[in-house]
Amino acid sequence: MKLYSVKYKAARKSPGNQKFWRITIDSKYKGDIGLLTHEVRHVLHWWAFVALTLALAGALVLLVAPAYGLIAVAAPWTYHWSYRVKALRILFELDCYRAQLRAGSYVSDEFAVKAMVGHGMSASAARDALE
């Protein structure tokens, strides 16, 4: 069962983007399996946060008070909110770039190092983490 959808569009700002279960990739990267793997990894993170939020809401309903069930309404956005925390964003992106480098056939991993520097890591720490 496929838990994501992919759309290819021309002239995008970034090569790929994930929002909820939807992935949008620049059409010039249509054959890049590594990029697709990277974005699918983001979708898997999203689904994990949805499930964790729903489980937390269910536990609070059973153990504390039924009113806490309203937390479940926030489930689709919890990953995107947590992505704004720099330390978590670095962890998410490291996981995605590792998966991308494993799946794709890239000559160099410098694009991933530069991207991780853009997310707040030093170049040497990014190189070590991506190996």
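Everything quoted here is computed from the prediction, not taken from an experiment.

A.B. asks: With reference to specific residues and values, describe the pattern of salt bridges.
C.D. replies: Evaluated as defined, the whole model comprises 2 salt bridges. Between Arg41 and Asp95 there is a salt bridge; the shortest N-O distance is 2.8 Å. Of this pair, Arg41 sits in helix 1 (residues 33–63) while Asp95 sits in helix 3 (residues 86–103), placing them 54 residues apart in sequence. Residues Arg127 and Glu110 are paired through a salt bridge, measuring 3.2 Å at the closest nitrogen-oxygen approach. Remark: Glu110 occurs in helix 4 (residues 110–118) and Arg127 occurs in helix 5 (residues 123–130); sequence separation between them is 17 residues. In this structure Glu110 comes out as partly exposed when scored by relative accessible area, which is 29%.

A.B. asks: Lay out the nonpolar core with the relevant residues and their values.
C.D. replies: Ile90, Leu94, Tyr97, Ala112, Val113, Ala115, Met116, Met121, Ala126, Ala129 and Leu130 form the largest nonpolar core, which has 11 residues in total. Elements represented by at least two residues in this core include exactly helix 3, helix 4 and helix 5. Among the elements that take part in this core, helix 4 stands out by supplying 4 residues, more than any other. Setting aside chain neighbours within four positions, we find Tyr97 in contact with His38, Phe111, Ala112, Ala115, Met116 and Leu130.

A.B. asks: So what's going on with the sheet that holds strand 2 (residues 16–19)? Which residues, and what values?
C.D. replies: Strand order in the open sheet formed by 3 strands is 1-3-2, and the pairing between neighbours is mixed. Both outer strands of the open sheet, strand 1 (5–9) and strand 2, are each paired with one neighbouring strand and no more. Shown here is a sheet whose adjacent strand axes are inclined to one another by a mean of 20°, direction ignored. By the bridge criterion, 5 bridges tie strand 1 to strand 3 (residues 22–26) in an arrangement that is parallel.

A.B. asks: Any chance you could break down the packing of helix 4 against helix 5 for me, citing the residues and the numbers?
C.D. replies: Across the interface, helix 4 lies against helix 5 with an axial gap of 9 Å and an inter-helix angle of 125°. Here helix 5 runs oblique to helix 4, going by the angle between their axes. The chirality of how helix 4 crosses helix 5 is right-handed. On helix 5, the residues that touch Glu110, Ala112, Val113, Met116 and Val117 of helix 4 are Ala123, Ala126, Arg127 and Leu130.

Conventions we followed
Residues numbered from 1 in each chain as written. Predicted model: local features only at pLDDT ≥ 70, side-chain atom pairs only at ≥ 80, totals over all residues. Heavy atoms only, no water. Salt bridge = Lys/Arg side-chain N within 4 Å of Asp/Glu carboxyl O. Helix = DSSP H or I, 4+ residues; strand = E, 2+ residues; numbered from the N terminus. Buried < 20%, exposed > 50% of the residue type's maximum accessible area, 1.4 Å probe, protein only. Core = buried A, V, L, I, M, F, W, Y, C linked by side-chain atoms within 4.5 Å. Contact = heavy atoms within 4.5 Å. Pairing = 2+ DSSP bridges. Axes fitted to C-alpha atoms, helices over the stretch in contact; angles between N-to-C directions. Parallel < 35°, antiparallel > 145°, perpendicular 65-115°, else oblique. Left-handed = near helix turned anticlockwise from the far one by under 90°.

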